[in-house]
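Coordinate analysis (summary)
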Amino acid sequence: MMNEQEEERMQVKCNYDIGRLHIQGVSGTVKHGRKYGMATKMRTSDDVSFWLREQPATHKSAASGELMYIPFELYKYTDGSYQMFIRGSEANHPEGAMLDLQPLDQPIQQLLEFATEADMVIDAVGPRYVSMNGGEEE
């Protein structure tokens, strides 16, 4: 049985540089440059960074074991678009933040390749989520 540090998941650091996301993908079988899976950094809006800093960390770093992360989900839509859903207090979604992903960006390509190989992408039914206030763009 896997302990929390080995549990397969994707997670984002709560307190990181403004305008950047630090992401870890944790897998027992899929390795992309890290013994635990993969890590990458992506651009985001300042609003998302400030929102993340308000969220309580629930998961430990796969590298250091420190409590610094919260999990997220990746959704793939039938039109080929992707969104990243981070559960937490209401941001642009009643249950957290839904971020549009631009798959042409290299770090996002790395994330999507890892998540696909590790079977961590959720095939979404229906149209992608659009917030009443326009949504947060990654």
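Above this text is the structure in question.
This text gives an overview of the structure that appears in the document. Fair warning: this is a prediction, and the values are worked out from it, not measured in the lab.

Definitions and cut-offs
- Residues numbered from 1 in each chain as written.
- Predicted model: local features only at pLDDT ≥ 70, side-chain atom pairs only at ≥ 80, totals over all residues.
- Heavy atoms only, no water.
- Phe/Tyr/Trp six-rings, centres within 6.5 Å; stacked < 30°, edge-to-face > 60°.
- Helix = DSSP H or I, 4+ residues; strand = E, 2+ residues; numbered from the N terminus.
- Buried < 20%, exposed > 50% of the residue type's maximum accessible area, 1.4 Å probe, protein only.
- Expected span 1.5 Å × (residues − 1).
- Arc of directions from axis to C-beta.
- Polar contact = N/O pair within 3.5 Å; in protein donor to acceptor, adjacent residues only side chain to side chain.
- Contact = heavy atoms within 4.5 Å.
- Salt bridge = Lys/Arg side-chain N within 4 Å of Asp/Glu carboxyl O.
- Pairing = 2+ DSSP bridges.

To continue, consider the packing of aromatic side chains. Each aromatic ring pair is summarised here by two numbers: the centre-to-centre distance and the angle between the ring planes. As enumerated under the stated definition, the model contains one aromatic pair in all. Relative to F85, the ring of Y75 lies with its centre 6.5 Å away and its plane at 45°, an arrangement referred to as tilted. Of this pair, Y75 sits in strand β5 (residues 67–76) while F85 sits in strand β6 (residues 82–87); the two residues are 10 residues apart in sequence, bridging distant segments of the chain. Judged by relative accessible area, F85 falls into the buried class, the value being 3%.

Once that is clear, we can look at helix α2 (residues 106–117). Its 12 residues give α2 an end-to-end C-alpha distance of 17 Å, which sits within 8% of 16 Å, the value for a rise of 1.5 Å per residue. Residues of α2 that are buried: P107, I108, L111, L112, F114 and A115. Seen from one end, α2 has its buried residues packed into an arc of 165°, which puts them on one side. D119 occupies a position one or two residues after α2 and carries a positive phi of about 60°.

Let us now look at the side chain of T40. Relative to the elements of secondary structure, T40 occurs in strand β3 (residues 37–43). T40 gets classed as buried once you look at its relative accessible area, which sits at 7%. In this structure the side chain of T40 is engaged in a polar contact, spanning 3.3 Å, whose partner is the side chain of Q110. Every residue in contact with T40, bar those within four places of it in the chain, is listed here: L21, H22, I23, P107 and Q110.

A separate point is the pattern of salt bridges. Opposite charge on two side chains lets them pair, provided their charged atoms get close. For the structure on display, the rule yields four salt bridges. Close ionic contact of D105 with R43 constitutes a salt bridge, the shortest N to O distance being 3.5 Å. Of this pair, D105 sits in the loop between β7 (96–101) and α2 while R43 sits in strand β3, and the two are 62 residues apart along the sequence. Relative accessible area serves as the criterion here: at 17%, D105 is assigned to the buried category. Notably, a salt bridge pairs R128 with D100, separated by 2.6 Å at the nearest N-O pair. Of this pair, R128 sits in the loop between β8 (121–123) and β9 (136–137) while D100 sits in strand β7, placing them 28 residues apart in sequence. The class of D100 is buried, set by a relative accessible area of 9%. In the salt-bridge network here, residues are joined through shared partners; they are E73, R87 and E95.

All right, on to the pairing of β3 then. Within β3, five of the seven residues are buried, which leaves the element mostly enclosed by the surrounding structure. Here seven bridges tie strand β2 (residues 20–26) to β3, and the two strands are oriented antiparallel to one another. Looking at the pairing, L21 lines up with M42 of β3.

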